[in-house]
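Analysis of the macromolecular model
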Amino acid sequence: FTMPGFEHYAENARIQGGLEIIVAYNLVRRGGEEAWLNYSSTNHEQWVKEGHMTRSGSLDRLNPVAYNSYISQASPQGFVPDIERDYYFAAWTFSPPPASYGVINWNIASNPDFTDVIGALLQVENEVTVSRVRPYIGVPLALSKEEHDAMHDALDGSESEHPHSYPFKLVRRDPGDPTSEPVGLIGGAIAWDFSLLNLLPVGVN
């Protein structure tokens with residue numbers, strides 16, 4: 001699925017929820033890889049460019065390279081083809097939009113930090129699961145270190161290296177029917193110091 005105007009809606013949600021990024025991941029089951037990759041290769045440029053124009057009115061931040069024509073996993077050498085699995089959650093639309101195409105088709109479920117929490121989500125189905133608290137590990141193609149640092153610099157008492165977590169929620173074919181077929185995930189990144197700022201009354205430490 002591709003939500004028209006994703007950046008417009010996701011940016012508002014990010015601001016209201018204190019999220020640094022929001023990502024829509026498409027569920028690709030074994031046997032559906034070719035169909036997904038055909039769709040992805042045909043449609044990725046359109047939504048990325050639309051997202052940049054919505055966010056900043058220009059494509060200056062976009063380096064239109066590095067698209068991977070396979071479902072990938074992260075490695076020390078960069079994104080490489082993922083192993084065969086029963087299912088994949090392939091990264092698709094991002095807010096903010098990515099600085100290049102390399103992160104598209106990354107299987108978030110291949111990341112050991114998220115395998116268990118996504119597996120739990122598939123069991124509880126209609127709840128939100130949240131990853132363990134951990135130091136921030138960014139994907140520079142989605143949000144550069146400089147952009148991430150600037151977010152925290154604008155907040156009194158916030159540091160970019162403070163702990164973050166990653167919430168995930170299943171997306172269903174019919175959003176109004178909690179029993180309909182899962183088709184993807186919505187995920188994000190949240191900085192705990194941002195969420196906890198200003199919760200205590202003035203004068204209370």
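In this report, the structure presented in the accompanying data block is examined. (Residues numbered from 1 in each chain as written. Predicted model: local features only at pLDDT ≥ 70, side-chain atom pairs only at ≥ 80, totals over all residues. Heavy atoms only, no water.)

1. A short note on helix 1 (residues 6-17)
For helix 1, which comprises 12 residues, the first-to-last C-alpha distance of 16 Å matches the rise-based estimate of 16 Å (1.5 Å per residue) to within 8%. Listing the buried residues of helix 1 in full gives F6, E7, A10 and R14. Taken down its axis, helix 1 places every buried residue within 80° of arc, on the same side. Looking at helix 1, the residues exposed on the side facing more than 90 degrees away from the buried face are I15 and Q16. Along its buried surface, helix 1 packs onto strand 1 (19-29), helix 2 (33-56) and strand 4 (87-95). The positive-phi residue at the C-terminal boundary of helix 1 is G18, with phi of around 70°. (Helix = DSSP H or I, 4+ residues; strand = E, 2+ residues; numbered from the N terminus. Expected span 1.5 Å × (residues − 1). Buried < 20%, exposed > 50% of the residue type's maximum accessible area, 1.4 Å probe, protein only. Arc of directions from axis to C-beta. Contact = heavy atoms within 4.5 Å.)

2. A word on a nonpolar patch on the surface
A cluster of nonpolar side chains, contributed by V128, V130, V133, W192, L196 and L199, occupies part of the molecular surface with about 560 Å² of accessible area. Taken together, the elements giving at least two residues each to the nonpolar patch come down to strand 5 (128-130) and helix 5 (192-196). You can see L199 is positioned in the segment after helix 5. Accessibility expressed as a relative area gives 59% for L199, which makes it exposed. (Patch = residues over 30% accessible without salt bridge, like charges linked within 9 Å, V, L, I, M, F, W, Y side chains within 5 Å. Areas by Shrake-Rupley, 256 points an atom, 1.4 Å probe, with all protein chains shown as cover. Salt bridge = Lys/Arg side-chain N within 4 Å of Asp/Glu carboxyl O.)

3. Some remarks on the pattern of salt bridges
Counted by the stated rule, this structure contains nine salt bridges. Across the pair R85 and D82 runs a salt bridge, and its minimum N-O distance is 2.8 Å. Within the structure, one salt-bridge network assembled from shared partners comprises R30, E84 and D86.

4. Some words on the side chain of H52
Relative to the helices and strands, H52 resides in helix 2. Taking the relative accessible area as the measure of exposure, H52 reaches 2% and is therefore buried. In contact with H52, not counting residues within four places along its chain, are G57, S58, L59, R61, L62, P97 and P98.

5. Let's talk about the side chain of S95
Turning to its location among the elements, S95 is positioned in strand 4. At 2.7 Å, the side chain of S95 and the side chain of E7 are in polar contact. A distance of 2.9 Å separates the side chain of S95 from the side chain of R14, its partner in a polar contact. Beyond its immediate chain neighbours, meaning those up to four positions away, S95 contacts F6, E7, A10, E11, R14, E20, I21 and I22. (Polar contact = N/O pair within 3.5 Å; in protein donor to acceptor, adjacent residues only side chain to side chain.)

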